[in-house]
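In case you want the letters, here they are:
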Amino acid sequence: MARKNNGNPAPIKDILNKLTIEELNIKGKRVFIRADFNVPLDDNLSITDDRRIRSTLPTIDYAIDEGAKVILASHLGRPKGKVDPRFTLAPVAKRLQRLLGKEVIFVQDCIGLQVESIVSKMKEGDVLLLENLRFHPGEEKNDGEFAKALAKLADYFVNDAFGAAHRAHASTVGIARILPSAVGFLLRKEIEYLKGTVQNPVRPFVAILGGAKVSGKIGVLENLVDKVDKVIVGGGMAYTFIKAMGYEVGDSLVETEMLEFAEMIRRKLIKNNVKFYLPVDSVIAQSIEAGSETKLVTTQEIPKGWRALDIGPASAKLFSEAIQDAKTIIWNGPMGVFEMDAFSRGTFAIARSVSDAYALTIVGGGDTDLAVHRAGVSDSISFISTGGGASLQLLEGKELPGIAALTDRKEE
Ligand code: AMP
């Protein structure tokens, strides 16, 4: 099914003063592409989900078509600066080879004489994948010597690893300071949707926030407070807001240190004439266990010893009505403990409503990405981010180090 695209994001040139891959003359040149191939592997090292690999294909295909010598690099897992066969990129090389329909040369390190010698023999259009960057301690430390060793391999640097763009590592920041560098197609798309949409939304603009904690979404709320038309809060974080309004929430998740902030931001939103929605009913249980007894109650009547683990059907209906007229929707964070069947209905109902809306719909990475896939509606979302932490930082209006370090575009 084709992806639904109700509206377009802002063009990159209006929102980011960085070179893009199309502005580099890469024919015959060695191009180091930092990708995010941090894919989940099972015990037999088989890839269980290759979406992260697929999402970088446009950049790789473009570089091949332009006649570049394509050097790909990524991290995988947390090997903590040591060689660990459980985190090898060998399975990624194999999958890439199949997806590209051409040979992918895999080298067993990412720096050093042997790698340099193999790179020196590359021809135009050849593709090479380096071994896990995090097998070297210099990667996460953004060590200057390690960055130099990586930079030695190439003429240009292209960053397409959105999922790692919020980290200042040698392969995201260090190398970008040494080589002429640019944004790849995936990174570009992420910036256009996540940054461009918030800067210049088609209205009504609705933000749906959920997940466990208010503390994880403070920056997003602060950034959106004078930009959105409606804010819908569900998930565990809703109960800190409800408690701050003076209601009892039983044993629901409450961040005591966030109570004041929650009340302050709620008042600010209302003062700004933003329509603010909280759950009106909740699915509750005495413990987060499969098979535990559940009840449906109004949010005002959560008994002691019980905790709210999902929004109820009245809230799902209310939230769905609130997004009916939206032209832009950003959704980050599930409405309940959706990983368990008993508490997944609210999140899936919102997933369906978001996907049905005639709006530009953007879903933040991580849990929400998983939720829309499980709900079976991912094809009807305009854009699903590939980054968790990085997408939150962009929504917070922050500059990401991996983007800031890239070469500026000269004013025309
Ligand atoms: P976050 O990383 O902050 O977006 O949180 C995602 C997690 O929040 C998911 O694993 C959910 O299971 C969890 N979550 C959502 N709603 C609740 C809730 N009402 N109580 C406890 N945890 C929740």
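Residues numbered from 1 in each chain as written. Predicted model: local features only at pLDDT ≥ 70, side-chain atom pairs only at ≥ 80, totals over all residues. Heavy atoms only, no water.

## Some points on the nonpolar core
Here is step 1: If you look at the biggest cluster of nonpolar residues, it comprises 79 residues, and the most contacted ones within it are Phe32, Ile71, Leu130, Leu150 and Phe241.
Here is step 2: Counting residues domain by domain, this core receives three or more from each of domain 1 (21–183) and domain 2 (191–395).
Here is step 3: Ile21, Leu76, Leu89 and Leu129 belong to the second largest nonpolar core, which has 33 residues in total. (Core = buried A, V, L, I, M, F, W, Y, C linked by side-chain atoms within 4.5 Å. Buried < 20%, exposed > 50% of the residue type's maximum accessible area, 1.4 Å probe, protein only. Domains from an automatic or database assignment.)

## A closer look at the packing of aromatic side chains
Any aromatic ring pair is given by two values, namely how distant the centres are and how the planes are angled relative to each other.
Here is step 1: Here the structure, examined in full by the defined rule, presents 4 aromatic pairs.
Here is step 2: Between the aromatic rings of Tyr193 and Phe383, the centroid separation amounts to 4.5 Å while the plane-to-plane angle is 5°, which identifies the pairing as stacked. Here the residue Tyr193 occupies a position in helix H9 (residues 185–199), and Phe383 occupies one in strand E15 (residues 383–384), the gap between them amounting to 190 residues. The burial state of Tyr193 is the same as that of Phe383; both residues are buried.
Here is step 3: Ring geometry for Phe241 against Phe276: centres 5.5 Å apart, planes inclined by 50°, an arrangement best described as tilted. Of this pair, Phe241 sits in helix H11 (residues 238–244) while Phe276 sits in strand E9 (residues 275–277); the two residues are 35 residues apart in sequence, bridging distant segments of the chain. (Phe/Tyr/Trp six-rings, centres within 6.5 Å; stacked < 30°, edge-to-face > 60°. Helix = DSSP H or I, 4+ residues; strand = E, 2+ residues; numbered from the N terminus.)

## Observations regarding the site of the ligand
Here is step 1: Close to the ligand lie 13 residues; Ala212, Gly236, Ala308, Glu339 and Asp367 are nearest.
Here is step 2: Within the side chain of Lys217, a nitrogen or oxygen atom sits 3.2 Å from an oxygen atom of the ligand.
Here is step 3: Contact with the protein chains hides 76% of the accessible area of the ligand, taken as 510 Å² for the molecule alone.
Here is step 4: For the shell around the ligand, the class distribution of residues is 5 nonpolar, 4 polar and 4 charged. (Near = heavy atom within 4 Å. Polar contact = N/O pair within 3.5 Å; in protein donor to acceptor, adjacent residues only side chain to side chain. Areas by Shrake-Rupley, 256 points an atom, 1.4 Å probe, with all protein chains shown as cover. Nonpolar A, V, L, I, M, F, W, Y, C, P; charged D, E, K, R; others polar.)

## Thoughts on the sheet that holds strand E13 (residues 328–332)
Adjacent strands of a sheet pair through backbone hydrogen bonds, lying either parallel or antiparallel.
Here is step 1: Reading across from one edge, E9-E8-E7-E13-E14-E15 is the order of the 6 strands in this open sheet, with parallel pairing throughout. Strand pairing shows two members of the sheet lacking a second neighbour, E9 and E15, which therefore form its edges.
Here is step 2: Bridge count between strand E8 (residues 230–233) and E9: 3 bridges; the pairing is parallel. Counterpart to Val231 in the pairing with E9 is Phe276.
Here is step 3: Contacting strand E7 (205–209), E13, strand E14 (360–363) and E15, H9 runs over the sheet at an angle of about 115° to E14. (Pairing = 2+ DSSP bridges. Contact = heavy atoms within 4.5 Å. Axes fitted to C-alpha atoms, helices over the stretch in contact; angles between N-to-C directions.)

## What to know about the domain arrangement of the protein
Here is step 1: Split into domains, the protein comes out as domain 1 (21–183) and domain 2 (191–395).
Here is step 2: One C-alpha centre belongs to domain 1, the other to domain 2, and the line joining them spans 35 Å.
Here is step 3: If you sort the residues of domain 1 by the area they bury against domain 2, Arg51, Phe162 and His166 come out on top, with a joint share of 76%.
Here is step 4: The salt bridge involving Asp369 is made with Arg51; its shortest N-O contact spans 2.9 Å.
Here is step 5: Taken together, the connections running from domain 1 to domain 2 amount to 3 residue pairs in polar contact (both at pLDDT 80 or more).
Here is step 6: Residues belonging to the side of domain 1 that touches domain 2 are distributed by class as follows: 1 nonpolar, 3 polar and 2 charged. (Buried area = accessible area lost by both parts, 1.4 Å probe. Salt bridge = Lys/Arg side-chain N within 4 Å of Asp/Glu carboxyl O.)

## Concerning the pattern of salt bridges
Here is step 1: Applying the stated criterion to the full structure yields 24 salt bridges.
Here is step 2: In this structure, Glu140 and Arg134 form a salt bridge, with 4.0 Å as the shortest nitrogen-oxygen distance.
Here is step 3: For Glu140, a relative accessible area of 38% corresponds to the partly exposed category.
Here is step 4: Across the salt bridge formed by Glu263 and Arg267, the nearest N and O atoms sit 3.1 Å from each other.

## What to know about the environment of Phe37
Here is step 1: With respect to the secondary-structure elements, Phe37 resides in the loop between strand E1 (30–34) and helix H2 (51–54).
Here is step 2: Considering only alpha carbons, one finds Phe37 and Gly397, 360 residues apart in sequence, at a separation of 26 Å.
Here is step 3: Once you skip the residues sitting within four places of it in the chain, Phe37 turns out to touch Ile53, Thr56, Ile60, Leu72, Ser74, His75, Leu76, Leu89, Val92, Leu96 and Leu129.

## Remarks on the environment of Ser55
Here is step 1: Checked against the element boundaries, Ser55 lands in the loop between H2 and helix H3 (57–65).
Here is step 2: As a C-alpha pair, Ser55 and Pro85 span 30 residues in sequence and 25 Å in three-dimensional space.
Here is step 3: Apart from the residues lying within four places of it in its own chain, the contact partners of Ser55 are Leu186 and Thr386.
Here is step 4: There is a polar contact of 3.0 Å between the side chain of Ser55 and the backbone oxygen of Arg52.

## A word on a positive patch on the surface
Here is step 1: A cluster of like positive charges, contributed by Arg78, Lys80, Lys82 and Arg167, occupies part of the molecular surface.
Here is step 2: Looking at where Lys80 falls in the secondary structure, it is placed in the loop between strand E2 (69–73) and helix H4 (90–100).
Here is step 3: The class for Lys80 is exposed, based on a relative accessible area of 67%. (Patch = residues over 30% accessible without salt bridge, like charges linked within 9 Å, V, L, I, M, F, W, Y side chains within 5 Å. Lys, Arg positive; Asp, Glu negative; His and termini not counted. Charge placed at Lys NZ, Arg CZ, Asp CG, Glu CD.)

## Here's the deal with the side chain of Asp310
Here is step 1: Mapped onto the elements, Asp310 comes out in strand E12 (residues 307–311).
Here is step 2: In this structure Asp310 is buried but unpaired, with Arg345 as the nearest side chain of opposite charge at 6.6 Å.

## Thoughts on the packing of H3 against H4
Here is step 1: Contact geometry of H3 with H4 gives a least axis separation of 12 Å together with a crossing angle of 65°. Considered as vectors, H3 and H4 are oriented roughly perpendicular to each other. The handedness of the crossing between H3 and H4 is right-handed. In this structure, H3 contributes Leu57, Ile60, Asp61 and Ile64 to the contact, and H4 contributes Leu96, Leu99 and Leu100. (Parallel < 35°, antiparallel > 145°, perpendicular 65-115°, else oblique. Left-handed = near helix turned anticlockwise from the far one by under 90°.)

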